[in-house]
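Report on the structure
The lines below spell out each chain.
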Amino acid sequence: MSHPDPDQLQGTLVDFALMELIRQHRESFQPLWTVDSWAKLLIWLALNCGLSGERDSLERFAKALGDPLRSRLRRVFFEREFGDLELQVLADPAEQQVLVLSQAPQDASVLSSDQVAKALERVGLSGRVVERTRWQQLEGVIAIPWSSTEA
């Protein structure tokens, strides 16, 4: 049995802890599903790393994260998974649509719009997206436009 590289193990642990921290606290940053909630998370992280709340300090923090990590943090912040519905909701307000993906092991090509509506209701997105008649069914995904450009 090979022993893990200590640096790699530390990196994996820090990555795991950071993603869990976001999952545990993302509901705290109101209003949910907005660019403001994302900005509040970044400010909270920066302040907890000992930085000031001044603009230049916050910009340095965001730059120091780098694009790959920042993108990953944002994805985790704006996604929700529902094991009981076998769905994943990706609702980044910077995107034009909310995506709902099937996580069902078989026959994932067609999603139930009732299940999708239930997932949207659970996360408080029902009033933020267009009506069902405008949802676009793709293979294993439903694309749902935001109801306004002010997401």
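The rules behind the values
Residues numbered from 1 in each chain as written. Predicted model: local features only at pLDDT ≥ 70, side-chain atom pairs only at ≥ 80, totals over all residues. Heavy atoms only, no water. Phe/Tyr/Trp six-rings, centres within 6.5 Å; stacked < 30°, edge-to-face > 60°. Helix = DSSP H or I, 4+ residues; strand = E, 2+ residues; numbered from the N terminus. Buried < 20%, exposed > 50% of the residue type's maximum accessible area, 1.4 Å probe, protein only. Pairing = 2+ DSSP bridges.

**Some details on the packing of aromatic side chains**
Note on aromatic pairs: each is described by the distance of the centres and the angle between the planes. This model, assessed by the stated rule, comprises five aromatic pairs. Measuring from ring centre to ring centre gives 6.3 Å for Trp 33 and Phe 78, while their planes differ by 35°; the resulting arrangement is tilted. Pair noted here: Trp 33 is in the loop between α1 (6-25) and α2 (35-48) and Phe 78 is in the loop between α4 (67-77) and β1 (79-82), with a separation of 45 residues, a long-range link. Here Trp 33 and Phe 78 have matching classes, each one buried. With a centroid separation of 5.7 Å and 55° between ring planes, the pair formed by Trp 38 and Phe 77 is classed as tilted. With Trp 38 in helix α2 and Phe 77 in helix α4, this pair connects stretches of sequence that are 39 residues apart. Look at Trp 38 and you get buried, because its relative accessible area is 6%. By relative accessible area, Phe 77 is classed as buried at 2%. Ring-pair connections join several aromatic residues into one group, and the members of that group are Trp 33, Trp 38, Phe 77 and Phe 78.

**Some details on the pairing of strand β5 (residues 141-145)**
Consecutive side chains along a regular strand alternate between the two faces of the sheet. Judged by how many residues are buried, β5 sits mostly within the fold: four of five residues are covered. Of the strand pairs in this sheet, strand β3 (residues 97-102) and β5 are connected by five bridges, and their pairing is antiparallel. Among the inter-strand pairings, Val 100 is bridged to a residue of β5, identified as Ile 142. Here strand β4 (residues 136-138) pairs with β5 via three bridges, running antiparallel. Its bridge partner being in β5, Leu 138 is matched across the sheet by Val 141. Joining the antiparallel neighbours β4 and β5 is a turn of two residues, in which Gly 140 adopts a positive phi near 75°.

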